[in-house]
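Survey of secondary and tertiary structure
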Amino acid sequence: QVQLVESGGGLVQAGGSLTLSCAASGRTFSDYTMGWFRQAPGKEREFVAAISKSGSMTDYTDSMKGRFTISRDNAKNTVFLQMNDLKPEDTAVYYCAAESYGLGVLINENEYHDWGQGTQVTVSS
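The following refers to the structure shown.

Thresholds applied
- Residues numbered from 1 in each chain as written.
- Predicted model: local features only at pLDDT ≥ 70, side-chain atom pairs only at ≥ 80, totals over all residues.
- Heavy atoms only, no water.
- Helix = DSSP H or I, 4+ residues; strand = E, 2+ residues; numbered from the N terminus.
- Rg over C-alpha atoms; globule rule 2.2 N^0.38 Å.
- Contact = heavy atoms within 4.5 Å.
- Areas by Shrake-Rupley, 256 points an atom, 1.4 Å probe, with all protein chains shown as cover.
- Salt bridge = Lys/Arg side-chain N within 4 Å of Asp/Glu carboxyl O.
- Buried < 20%, exposed > 50% of the residue type's maximum accessible area, 1.4 Å probe, protein only.
- Core = buried A, V, L, I, M, F, W, Y, C linked by side-chain atoms within 4.5 Å.

The helix and strand tally for the chain stands at zero helices and 11 strands. Against the 2.2 N^0.38 benchmark of 14 Å for 125 residues, the chain shows a C-alpha radius of gyration of 13 Å, consistent with a compact globule. Principal axes of the C-alpha set define a box for the chain whose edges measure 40 × 25 × 25 Å. Contacts in the chain between residues far apart in sequence, at least 24 positions, make up 59% of those at least 6 positions apart. Here the chain has roughly 6,200 Å² of accessible surface; of this, 47% comes from carbon and sulfur atoms.

Dropping the structure here:
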């Protein structure tokens, strides 16, 4: 099991930017596919972005393509989510997730075994 701790959330105005970080510990980070998910109040958790173990492959929900960028630094055991042009509808708790099995990217939350506690992102209009 890998331990995940998100940071970087906060309050930002519409059109602004935030970078979320997720620090991993307890296992070899490069053995894990990483993903970001979010859950808005009253809504189900949804996929945001994912990145393969080496970082060579990424995937995004269509509505976030061009605005969000996922990246990872395996030397620092950290995955990032750069979020630009934020909109009020991006307000949610953002979670990072890790999974050691499989190849490529994983977009279904049921495929992930380990989760962080989440970080709140609030976008004001």
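So, on to the pattern of salt bridges. Tallied over the entire structure, the rule returns six salt bridges. Its salt-bridge partner being R38, residue E46 comes within 2.6 Å of it at the nearest N-O pair. Look at E46 and you get partly exposed, because its relative accessible area is 34%. Residue class for R38 comes out buried when judged on its relative accessible area of 7%. The shortest N-O distance in the salt bridge between D90 and R38 comes to 2.8 Å. Taken as a pair, D90 in the loop between β8 (78–83) and β9 (92–99) and R38 in strand β4 (residues 33–39) lie far apart in primary sequence, 52 residues in all. The exposure classification of D90 matches that of R38, with both residues buried. Connected via shared salt-bridge partners are R38, E46, R67 and D90.

Most often, soluble globular proteins have nonpolar side chains that are buried together. Residues M34, W36, F68, L81, M83 and Y94 are the most contacted members of the largest nonpolar core, which totals 29 residues. Of all the secondary structure elements, the ones that give two or more residues to this core are β3 (18–25), β4, β5 (46–51), β7 (68–73), β8, β9 and β11 (119–124). If we ignore the near neighbours within four places in the chain, the residues touching M34 are L4, C22, F29, A49, A50, I51, I70, R72, V79, A97, A98 and Y112. With six residues, the next largest nonpolar core counts F47, A50, A97 and Y112 among its residues.

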